[in-house]
Each structure stands twice: as structure tokens, then as C-alpha cells.
Amino acid sequence: MDLLEQYFNSKIAAEEKIEAKDWMPEEYRKNLIRQISQHAHSEIVGMLPEGNWITRAPSLKRKSILLAKVQDEGGHGLYLYCAAETLGVSREQMIDDLLTGKAKYSSIFNYPAVTWADMGAIGWLVDGAAIMNQVMLCRTSYGPYARAMVRICKEESFHQRQGYDILLTLSKGTEIQRKMAQDAINRWWWPSLMMFGPSDAESTHSNQSMAWKIKRATNDELRQRFVDMSVPQVEILGLSLPDPKLKWNPERKHYDYGEINWDEFKNIIKGNGPCNKNRLASRNKAHDDGAWVREAATAYAYKKSSTAKSVA
Ligand code: BYC
């Protein structure tokens, strides 16, 4: 091991952040680009299921809250693309990988949001799972990623509350509203558990990512914490989680839960989920429709720089 690598390892061991200009192993850089860009894509594609409901929100207040949330997701994507760019990958390359279907993004966004209650379940469960994972990432070893996560987590906790608030309101409403809330929870529960990734035994990157402190807890550890956190919250709603095997285990001091359908997870990751094609088509359309904005911004920047040069 050469001196540079020894120094890198000593910084990781001492909980010091690795910064953009520091030497780092090529595999560390590649792994971070992979994870951060997938994370950025998830934020951007994650705008779609909720964006669809902005015009159908049941009140002005709910509409403005949802609008703010979806805008936040766009902002999170941008912070994360910036963090990935510090590792030497270009924004154009990352976006091209997303639009051509080469890059992965979170499996969760390939499910449809079919009722207003889905806005509640997404906020409570999907953002809840995202926070569980992302709070850990505030302590990730790469400085620009860790700092982006601090801000993202603050906004995500507002997102989770707005989702829970929607479900709480529906749970106190009419019988039809309660049923709608329960149905949304039934559909989003298992996909939310899949967000944490494959089981530790099946996870390709976990061992190395844990050793480099990119990840600070494993997929199964975070999934278990999420299950433990969700049970008392669903009890307050007076609703239930769709898992007959969910049971407190006094020895483990955790809830046991049923088997995740990993075939469904793998199928979605391969691009065959209910909304994969639709999500990519929507992103491609948005990108094409926005071409004139990029062209105008580039022309303006060029004009500004030529004016500056001629004045100088
Ligand atoms: N979906 O070795 P593993 C959000 C892939 S929240 C699709 O365990 P790793 C939001 C994985 O990429 C969601 N693919 O991987 C919330 C790998 O494939 P490659 C985004 C998945 O990286 C609300 C392979 O399976 N959050 O944005 O160690 C509203 C083997 O997995 C998934 C983040 O991205 C999945 N669920 O651990 C709007 C958090 N799970 O790359 C937006 C940051 C695994 O070898 N990311 N795969 O082809 C992470 O913490 C980690 O990347 C993961 C996976 C825990 C997700």
C-alpha cells in the first residue's frame, strides 16, 4: 500500500472527511459516483408520482404544500448532481445515463400513485424510509455528499410530516376516506421496505461501502429500524400494516416481519415495473421540452462573456 492510500485510510479511520481534491482510490470515486448519481436520479424521478397530483390536491393549502415538496425534490436532485460533479463526472453524462435507461434510480418510483391517499403514504412511508437511510449519510465519509445530506434531511422531515398529516386527516374522516388511507398503506408498505436495497447477504456494495464509511449502516439494519419506527406510528393512525407476520420479538427487541418479494424487486430494477417506461418517457419529454431554456441560457452566458471581454 503506498503512502497516499495509507493517508486516505487514516483519514477514514479518524472520521475525517475526504474532500474533492484529496487523493482517493479509483474504486472509492467510482462507487460514490454510482451511489450519488443514482440518488440524484431518484430525487428527480421522484417528482413525477407526486407532481401528477398537484392539480388534483383537495384544497389550496394541500396544493401549495405538495408543490413546495415537489420543488424540494428537484432541489435535492441538483445538490446531489453537484456533489457527484465534484468527483469528475459531468452533469450531461449523468443525465444522459438516466434518460437512456442506463442508470438506476430507486425502485419505489416505478409504482403508480392512484389516489390522494397515496400522497399521504408516499410522504409518510417513502420519505420516512428515505430519511432513515439519509440521516446516516450525513456522516458519510465524502464531504460534499455529507454536507448535501444535512440540508436534504431537514427538508425530508417536513415531507414526512406532511404525508403523515394527510393520513391522519383521512383516518379521522369518513369510512371511505379511512379505507382509501388503508389501501394506500397496503400498496406502499412492501415497496418502501424494498427501498433499503437487497438483504445484506445479497448486497454487492455494502461490505466495501461500510469499510470506506460511505454507508454507515447496512441495508437490513436500516430496514429493521424503519419497521420498528413505523409500527407505533400506524397504531396512532388506527390503521394497520399489511403483514400478518409482523410481531414484536422480545428477545431481539425488534419487530419480526414477513418475507419481502425479491422477485418483484429484481423485476422492477430490470425495468419491468408498472411505471418504468412511463417514468422514463416523462423525463425524456421534460428534457426535450426544456431544450430551449438550456439553449437560451447558453446563448445568454456566451453574450455576457463576449461583452465582458470586449469591455476589457
Ligand atoms: N432501487 O449493493 P447494494 C428519494 C441496486 S429516496 C433500485 O445494496 P448499495 C426520494 C444498487 O444500486 C431514494 N436499485 O447497493 C424520496 C446496486 O446496483 P448497481 C433514493 C437498487 O448502493 C422521496 C444493486 O441494487 N435514496 O430519493 O450499497 C421523494 C445492489 O445493491 C435499490 C438513495 O439513493 C433500490 N431500492 O445500497 C423523492 C439513498 N437498492 O449500482 C425522492 C442513497 C439497491 O450495482 N443510496 N439497488 O447496478 C443508498 O443508500 C444505497 O445506494 C442503497 C443501496 C441503500 C439504496
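Residues numbered from 1 in each chain as written. Predicted model: local features only at pLDDT ≥ 70, side-chain atom pairs only at ≥ 80, totals over all residues. Heavy atoms only, no water.

## Things to note about the overall build of the protein chain
Applicable threshold: Each helix is a run of DSSP H or I of at least 4 residues and each strand a run of E of at least 2, with the numbering of both proceeding from the N terminus. Atoms considered for the radius of gyration are the C-alpha atoms alone. The globule rule reads 2.2 Å times the number of residues to the power 0.38. By the convention used here, residues are in contact when the closest approach between their heavy atoms is within 4.5 Å. Using the Shrake-Rupley algorithm and a 1.4 Å probe, accessible areas are obtained, with residue cover drawn only from the displayed protein chains. When charges are counted, neither His nor the chain ends are considered; positive counts come from Lys and Arg and negative counts from Asp and Glu. Throughout, a charge is located at the NZ atom of Lys, the CZ atom of Arg, the CG atom of Asp or the CD atom of Glu.
A tally of regular secondary structure across the protein chain gives 13 helices and 2 strands. Over its C-alpha trace the protein chain gives a radius of gyration of 21 Å, about what one expects of a compact globule, namely 20 Å for 312 residues. Seen through its principal axes, the protein chain has C-alpha atoms that stretch 70 × 50 × 35 Å. Counted over contacts in the protein chain with a minimum sequence separation of 6, partners at least 24 positions apart contribute 76%. Summing over all exposed atoms, the protein chain offers an accessible surface of approximately 16,100 Å²; the carbon and sulfur share of this is 57%. Here the protein chain contributes 42 positively and 38 negatively charged side chains, and the mean placements of these two sets differ by 4 Å.

## Comments concerning the environment of A14
The test is simple: Three exposure classes are used, based on accessible area relative to the maximum for each residue type with a 1.4 Å probe and protein chains only: buried under 20%, partly exposed in between, and exposed over 50%.
Examined against the element boundaries, A14 turns out to sit in the loop between helix 1 (3-13) and helix 2 (26-45). Judged by relative accessible area, which is 47%, A14 ranks as partly exposed. Spatially, the C-alpha atoms of A14 and E155 are 29 Å apart, while their sequence positions differ by 141 residues.

## Here we look at the site of the ligand
Condition: Residues are labelled near a given molecule or strand when at least one of their non-hydrogen atoms is within 4 Å of it. Two N or O atoms form a polar contact when they lie within 3.5 Å of each other; inside protein one atom must be a possible hydrogen donor and the other a possible acceptor, and for residues adjacent in sequence the pair counts only when both atoms belong to side chains. Three categories are distinguished: nonpolar for Ala, Val, Leu, Ile, Met, Phe, Trp, Tyr, Cys and Pro, charged for Asp, Glu, Lys and Arg, and polar for the others, with Gly belonging to the last.
Close to the ligand lie 30 residues; Q38, K104, S203, H205 and K215 are nearest. H205 has a polar side-chain atom sitting 2.6 Å from an oxygen atom of the ligand. Look at the ligand: alone it shows 1,000 Å² of surface, and the protein chains cover 90% of it. Among the elements of the structure, helix 2, helix 6 (117-137) and helix 11 (262-272) are those that each provide at least two residues to the shell around the ligand. When residues of the shell around the ligand are assigned to their parent elements, the largest contribution, 6 residues, is made by helix 2. Here the shell around the ligand is built from residues that sort into 12 nonpolar, 12 polar and 6 charged.

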